[in-house]
Amino acid sequence: MSSSSIFRAPKGIPDYYPPDSAAFTAVRDALTGAARLAGFGHIELPIFEDTALFARGVGESTDVVSKEMYTFDDRGDRSVTLRPEGTAGVMRAVIEHGLDRGALPVKLSYAGPFFRYERPQAGRYRQLQQVGVEAIGVDDPALDAEVIAVADAGFRELGLSGFRLEVTSLGDAECRPRYRQALQEFLFALPLDEETKRRAEINPLRVLDDKRADVRALTADAPLMRDHLCEGCKAHFDQVLGHLEAMGVPFEINPRMVRGLDYYTKTTFEFVHDGLGAQSGIGGGGRYDGLMAQLGGQELSGIGFGIGVDRTMLAMGAEGIAVAGARARCEVFGVPLGDAATREMVVLGRNLRAAGIRVDMAYGGRGLKGAMKAADKSGARFALVLGERDLEQGVVGIKDLSTGEQTPVDLGAAVTEVRDRLG
Ligand code: HAM
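This one's a predicted model, so the numbers in the text were calculated from it and none came from an experiment.

Enquirer: I tried to follow the domain arrangement of the protein chain on my own but got confused; where do I start?
Expert: In many analyses, interface size is given as the accessible surface area lost on bringing the parts together. Taken as a whole, the protein chain is organised into domain 1 (3-175 + 229-318) and domain 2 (332-422). Centre-to-centre, using C-alpha coordinates, domain 1 lies 46 Å away from domain 2.

Right, here's the structure in full:
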């Protein structure tokens with residue numbers, strides 16, 4: 001950033017610019033590609049929606065809704081909110097357009113920015129990028145396993161290996177209330193501070209996720225959902241784990257996992273990367289069987305994930321992985337010397353692009369030295385050097401930028417020659 005710039009991006013909101021933006025799109029495309037291989041179709045959602053959708057979908061008591069939403073009244077005095085996550089919006093769209101009246105499950109994937117007013121720090125932004133999937137309408141443990149395996153495959157496709165998959169089951173409408181009560185009874189008997197007691201009242205599970213050592217010690221023997229699952233949920237979870245094992249997707253059971261969104265039921269999971277410090281969650285998701293009905297749709301189940309693209313990039317950095325897609329800006333760089341050569345090079349550039357070759361050139365009437373420097377910087381494999389004498393002879397010099405070797409070819413044959421040399 002130039003120190004003289006008057007404007008800055010809002011706090012906690014990243015820009016993506018070359019060369020890192022190439023890594024950004026490569027990561028996003030690899031994750032989306034993994035979803036496409038499993039039959040997920042793309043959905044493009046509004047960036048903002050009715051505030052009530054998120055309040056009802058994500059849950060009033062969550063930090064996301066109560067503290068982190070970008071909410072404002074539009075000029076028609078409607079309260080709207082920049083989307084803090086994607087699941088509620090997908091459900092709204094599925095209900096609104098009746099997508100759930102067709103073949104089930106409805107499988108949709110999305111990618112884009114989400115907004116949470118959190119305290120910015122490494123790996124935590126106020127505009128964050130996710131790739132997500134949602135599979136709606138079938139409650140089959142094989143589908144849970146598939147969704148998890150898609151995320152796992154996406155990470156591995158990118159070369160990542162230093163991550164863990166944590167899974168748990170949060171039960172359903174039958175067993176969770178009973179567990180909640182047992183947990184509350186346990187927590188209310190502890191010497192907890194007022195704030196934590198209040199939390200135990202609203203969302204007791206979150207107390208289990210408290211990072212303070214004294215609270216951790218106090219809750220060490222707290223009852224766990226795992227031991228309170230009803231028969232149906234237990235069998236469901238066992239089958240999910242069985243499928244994961246059969247697919248060779250490594251996992252750990254984390255019975256104390258707490259997600260920041262209220263809609264989760266049964267299978268719930270998180271991908272954690274150990275190279276990232278405090279913000280170690282690179283992706284997470286789970287089943288949300290009551291959400292559709294809660295948003296006014298039919299009683300259909302659903303499961304999905306959201307992967308943080310920003311954190312996935314950081315994780316790759318931590319593992320020293322260069323992104324394969326972060327290729328050089330161009331393959332060929334034009335070096336025209338003089339006005340007549342520039343006119344010819346502009347046309348040659350257009351013809352090369354028409355042949356699918358990435359071309360850039362030196363602009364601004366730069367001399368040979370400056371233009372060659374720009375060619376080297378561009379990462380191109382070949383420079384096309386066109387001087388006045390070349391023009392008179394109807395040739396252009398193709399210079400291999402790694403060997404320095406330069407050979408003249410007929411201007412008319414330049415496109416074919418470059419294409420052959422690039423293979
Ligand atoms: P989430 O766990 O809130 O889930 O977010 C998913 C991922 O987004 C996180 O694991 C993290 O990598 C990334 N993320 C979240 N907040 C930030 C932030 N402030 N800065 C950078 N990255 C962040 C959901 O959003 C659910 N909608 C996922 C889901 C889909 N569950 C079912 N279907």
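Enquirer: Where do I start with the layout of surface pockets in this structure?
Expert: Gaps left between atoms are located by rolling a probe of water-molecule size over the structure's atoms. Computed from the structure, the second largest pocket encloses a volume of approximately 650 Å³. Lining the second largest pocket we find 29 residues, and of these Arg176, Asp262, Tyr263, Tyr264 and Thr265 sit closest to its centre. Sorting the residues of the lining of the second largest pocket by element identifies α2 (51-58), α6 (176-188), α8 (204-208), β9 (265-273) and α11 (291-294) as the ones contributing at least two each. It is α6 that contributes the most residues to the lining of the second largest pocket, four residues altogether. Taken together, the residues that form the lining of the second largest pocket break down as 13 nonpolar, seven polar and nine charged.

Enquirer: Can you walk me through the pattern of salt bridges in this structure?
Expert: Two side chains that carry opposite charge are able to pair once their charged atoms sit near each other. Summed over the entire model, instances satisfying the criterion amount to 25 salt bridges. Between Asp274 and Arg164 there is a salt bridge whose closest N-O contact spans 2.8 Å. With a gap of 110 residues between them, Asp274 in the loop between β9 and β10 (281-287) and Arg164 in strand β7 (residues 163-169) connect regions that are remote in the sequence. Taking relative accessible area as the criterion, Arg164 reaches 24% and is therefore assigned partly exposed. With a closest N to O distance of 2.7 Å, Asp210 and Arg212 form a salt bridge. One salt-bridge network, held together by shared partners, links Asp139, Asp144, Lys266, Arg287 and Asp289.

Enquirer: Honestly, the UniProt feature "binding site: L-histidine" (unreviewed entry) in the protein chain in this entry has me stumped. Any pointers?
Expert: UniProt marks Glu85, Gly86, Thr87, Arg116, Gln130, Glu134, Arg259, Tyr263 and Tyr264 with the feature "binding site: L-histidine" (unreviewed entry), using the numbering shown here. Of the residues named above, Arg259, Tyr263 and Tyr264 line the second largest pocket. Along the chain, Glu134 falls in strand β6 (residues 127-136). Ignoring anything within four residues of it in the chain, the contact list for Glu134 reads Phe40, Gly86, Thr87, Val90, Val106, Lys107, Leu108, Tyr110, Tyr288, Ile303, Gly304 and Phe305. Tracing the sequence through the fold places Tyr264 in the loop between β8 (252-253) and β9. Non-local contacts of Tyr264, meaning those with residues more than four positions away in its chain, are made with Leu170, Arg176, Arg259, Gly285, Gly286 and Arg287. A polar contact is formed between the side chain of Tyr264 and the side chain of Arg259, at a distance of 2.8 Å.

Enquirer: Sorry, what's going on with the side chain of Asp400 here?
Expert: With respect to the helices and strands, the residue Asp400 is situated in strand β15 (residues 395-400). Nearest to the buried, unbridged Asp400 among oppositely charged side chains is Arg381, at 5.5 Å. Among the polar contacts listed, one links the side chain of Asp400 to the side chain of Ser402, at a separation of 2.7 Å. Not counting chain neighbours up to four residues away, the residues in contact with Asp400 comprise Arg381, Phe382 and Glu405.

Enquirer: Would you mind showing me how to read the packing of helix α1 (residues 20-36) against helix α5 (residues 141-157) here?
Expert: Helices that pack against each other are described as a pair by the angle of their axes relative to one another and the distance between those axes. Where α1 contacts α5, the axes come no closer than 8 Å and their chain directions differ by 140°. The pairing of α1 with α5 is recorded here as oblique in orientation. Considering how the two elements wind past one another, α1 and α5 form a crossing that is right-handed. Between α1 and α5, the contacting residues are Ala30, Leu31, Ala34 and Ala35 on the first element and Val150, Gly154, Phe155 and Glu157 on the second. Among the residues making up the contact of α1 with α5, the classes are represented as six nonpolar, one polar and one charged.

Enquirer: Help me understand the pairing of β7 in this model?
Expert: For a regular strand, side chains alternate in direction, first toward one face of the sheet and then toward the other. With six of seven residues buried, β7 is to be regarded as a mostly interior element. By the bridge criterion, seven bridges tie β7 to β9 in an arrangement that is antiparallel. Residue Thr168 lies in a different strand from β9, and its bridge partner there is Thr268. In terms of strand pairing, β7 meets β8 through two bridges, oriented parallel.

Enquirer: How should the site of the ligand be read in this particular structure?
Expert: Around the ligand sit 27 residues in total, of which Glu85, Glu118, Arg259, Tyr264 and Gly281 are the nearest. At 3.0 Å, a side-chain N or O of Tyr263 approaches a nitrogen atom of the ligand. The contact in question runs from a nitrogen atom of the ligand to an N or O atom on the backbone of Phe305, over 3.4 Å. Relative to its unbound accessible surface of 660 Å², the ligand loses 95% to contact with the protein. Of all elements in the fold, only β6, β10 and β11 (302-308) reach the threshold of two or more residues within the shell around the ligand. The dominant element in the shell around the ligand, judged by the number of residues it contributes, is β10, at six residues. Of the residues that constitute the shell around the ligand, the class distribution is nine nonpolar, 11 polar and seven charged.

Enquirer: Mind showing me how you'd approach α6 here?
Expert: With 13 residues, α6 extends 18 Å from end C-alpha to end C-alpha; this agrees with the ideal 18 Å at 1.5 Å per step. For α6, the full list of buried residues reads Tyr179, Leu183, Gln184 and Leu187. All buried residues of α6 lie within an arc of 135° about the axis, which places them on one face of the element.

Enquirer: Help me understand the sheet that holds strand β12 (residues 332-336), please; the structure alone is not making it clear to me.
Expert: Pairing between sheet strands relies on hydrogen bonds along the backbone, with the strands arranged either parallel or antiparallel. Ordered in space as β13-β12-β14-β15-β16, the five strands form an open sheet in which the pairing is mixed. Both outer strands of the open sheet, β13 (359-361) and β16 (406-410), are each paired with one neighbouring strand and no more. Across the sheet, the axes of successive neighbouring strands diverge by a mean angle of 30°, strand direction being ignored. Both β12 and β13 contribute to a ladder of three bridges, which runs parallel. When the bridges of β13 are listed, Gly334 appears paired with Met361.

Enquirer: What exactly am I supposed to notice about the sheet that holds strand β3 (residues 71-73) here?
Expert: Across the sheet, which stays open at both edges, the three strands sit in the order β2-β4-β3 with antiparallel pairing between neighbours. The outermost strands of the open sheet, each flanked by one partner alone, are β2 (48-50) and β3. Between one strand axis and the next, the sheet turns by 35° as a mean value, whatever way the strands run. The pairing of β2 with strand β4 (residues 79-82) spans three bridges and is antiparallel. Paired with Phe48 across the bridge in β4 is Leu82. In the packing of α2 onto the sheet, the strands contacted are β2, β3 and β4, and the crossing angle to β2 comes to about 80°.

What counts as what
- Residues numbered from 1 in each chain as written.
- Predicted model: local features only at pLDDT ≥ 70, side-chain atom pairs only at ≥ 80, totals over all residues.
- Heavy atoms only, no water.
- Domains from an automatic or database assignment.
- 1 Å grid on protein atoms, 1.4 Å probe; cavity = no way out; pocket = protein on both sides within 12 Å on 5 of 7 lines; lining within 4 Å.
- Points joined across faces, edges and corners; volume = space filled by probe spheres on them.
- Helix = DSSP H or I, 4+ residues; strand = E, 2+ residues; numbered from the N terminus.
- Nonpolar A, V, L, I, M, F, W, Y, C, P; charged D, E, K, R; others polar.
- Salt bridge = Lys/Arg side-chain N within 4 Å of Asp/Glu carboxyl O.
- Buried < 20%, exposed > 50% of the residue type's maximum accessible area, 1.4 Å probe, protein only.
- UniProt positions renumbered as here; feature names shortened; annotations may be inferred.
- Contact = heavy atoms within 4.5 Å.
- Polar contact = N/O pair within 3.5 Å; in protein donor to acceptor, adjacent residues only side chain to side chain.
- Lys, Arg positive; Asp, Glu negative; His and termini not counted.
- Axes fitted to C-alpha atoms, helices over the stretch in contact; angles between N-to-C directions.
- Parallel < 35°, antiparallel > 145°, perpendicular 65-115°, else oblique.
- Left-handed = near helix turned anticlockwise from the far one by under 90°.
- Pairing = 2+ DSSP bridges.
- Near = heavy atom within 4 Å.
- Areas by Shrake-Rupley, 256 points an atom, 1.4 Å probe, with all protein chains shown as cover.
- Expected span 1.5 Å × (residues − 1).
- Arc of directions from axis to C-beta.

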